[in-house]
Amino acid sequence: MSTGGADKPGSGGSGGAVKTPSDFLKSIRGRPVVVKLNSGVDYRGILACLDGYMNIAMEQTEEYVNGQLKNKYGDAFIRGNNVLYISTSKRTLTDGA
């Protein structure tokens, strides 16, 4: 038992499937994302960049309140302390979903 759990799947080692949160955030730059704020408002658009404080710059951004489109912005900047989560999105626009 000296492996310390290294033989468990997804626990490290040289496996390519293990990703850190930082790796994930780097991999989604330039892709459609959903950013949910602590207030419950969603912003959907293309992730342009983000920093270590989770400050986010987005392009082609749409603001959704209670699931309904409220505004469209060319570029949007979101302060990191307001972010609840960032999720990848298959599409920026919802097609009747």
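Residues numbered from 1 in each chain as written. Predicted model: local features only at pLDDT ≥ 70, side-chain atom pairs only at ≥ 80, totals over all residues. Heavy atoms only, no water.

The chain is annotated in an unreviewed UniProt entry as Sm domain-containing protein from Miscanthus lutarioriparius.

## Here's the deal with the overall build of the chain
Per the secondary structure count, the chain includes 1 helix and 5 strands. What you see in the chain, going N to C, is helices and strands ordered as α-β-β-β-β-β. Looking at the 97 residues of the chain, the share that counts as buried comes to 29%. Pairs at least 24 residues apart make up 39% of the contacts formed inside the chain by residues separated by at least 6 positions. Of the roughly 6,800 Å² that the chain leaves accessible, carbon and sulfur atoms contribute 50%. (Helix = DSSP H or I, 4+ residues; strand = E, 2+ residues; numbered from the N terminus. Buried < 20%, exposed > 50% of the residue type's maximum accessible area, 1.4 Å probe, protein only. Contact = heavy atoms within 4.5 Å. Areas by Shrake-Rupley, 256 points an atom, 1.4 Å probe, with all protein chains shown as cover.)

## Examining the side chain of Glu63
Looking at the element boundaries, Glu63 is found in strand S3 (residues 56-65). For the buried Glu63, no salt bridge exists, and the shortest N-O distance to an oppositely charged side chain is 8.5 Å, to Lys70. A distance of 2.7 Å separates polar atoms of two side chains, one belonging to Glu63 and the other to Tyr43. Side chain to side chain, Glu63 and Tyr73 meet in a polar contact 3.1 Å long. Contact partners of Glu63, with chain neighbours within four places excluded, come to Val41, Asp42, Tyr43, Gln68, Leu69, Lys70, Asn71 and Tyr73. (Lys, Arg positive; Asp, Glu negative; His and termini not counted. Salt bridge = Lys/Arg side-chain N within 4 Å of Asp/Glu carboxyl O. Polar contact = N/O pair within 3.5 Å; in protein donor to acceptor, adjacent residues only side chain to side chain.)

## Looking at the environment of Gly52
Within the fold, Gly52 resides in the loop between strand S2 (42-50) and S3. It is 8.8 Å that separates the C-alpha atoms of Gly52 and Gly80, two residues lying 28 residues apart in sequence.

## So, the sheet that holds strand S1 (residues 32-37)
Sheet strands pair by backbone hydrogen bonding; their relative direction is either parallel or antiparallel. Spatially, the 5 strands line up as an open sheet ordered S4-S3-S2-S1-S5, and their pairing is antiparallel. Lying at the two open borders of the sheet, with one neighbouring strand each, are strand S4 (68-78) and strand S5 (83-88). When strand polarity is set aside, the average angle formed by the axes of neighbouring strands in this sheet is 30°. Relative to S2, S1 runs antiparallel, the two being bridged by 5 bridges. Its bridge partner lying in S2, Val33 is registered against Gly45. (Pairing = 2+ DSSP bridges. Axes fitted to C-alpha atoms, helices over the stretch in contact; angles between N-to-C directions.)

## Quick notes on the pairing of S1
Between S1 and S2, which pair antiparallel one after the other, the connecting turn spans 4 residues, and Gly40 there sits at a positive phi close to 100°. Direction of pairing for S1 relative to S5: antiparallel, over a ladder of 5 bridges. Note on S5: the bridge partner recorded for Val33 is Thr88.

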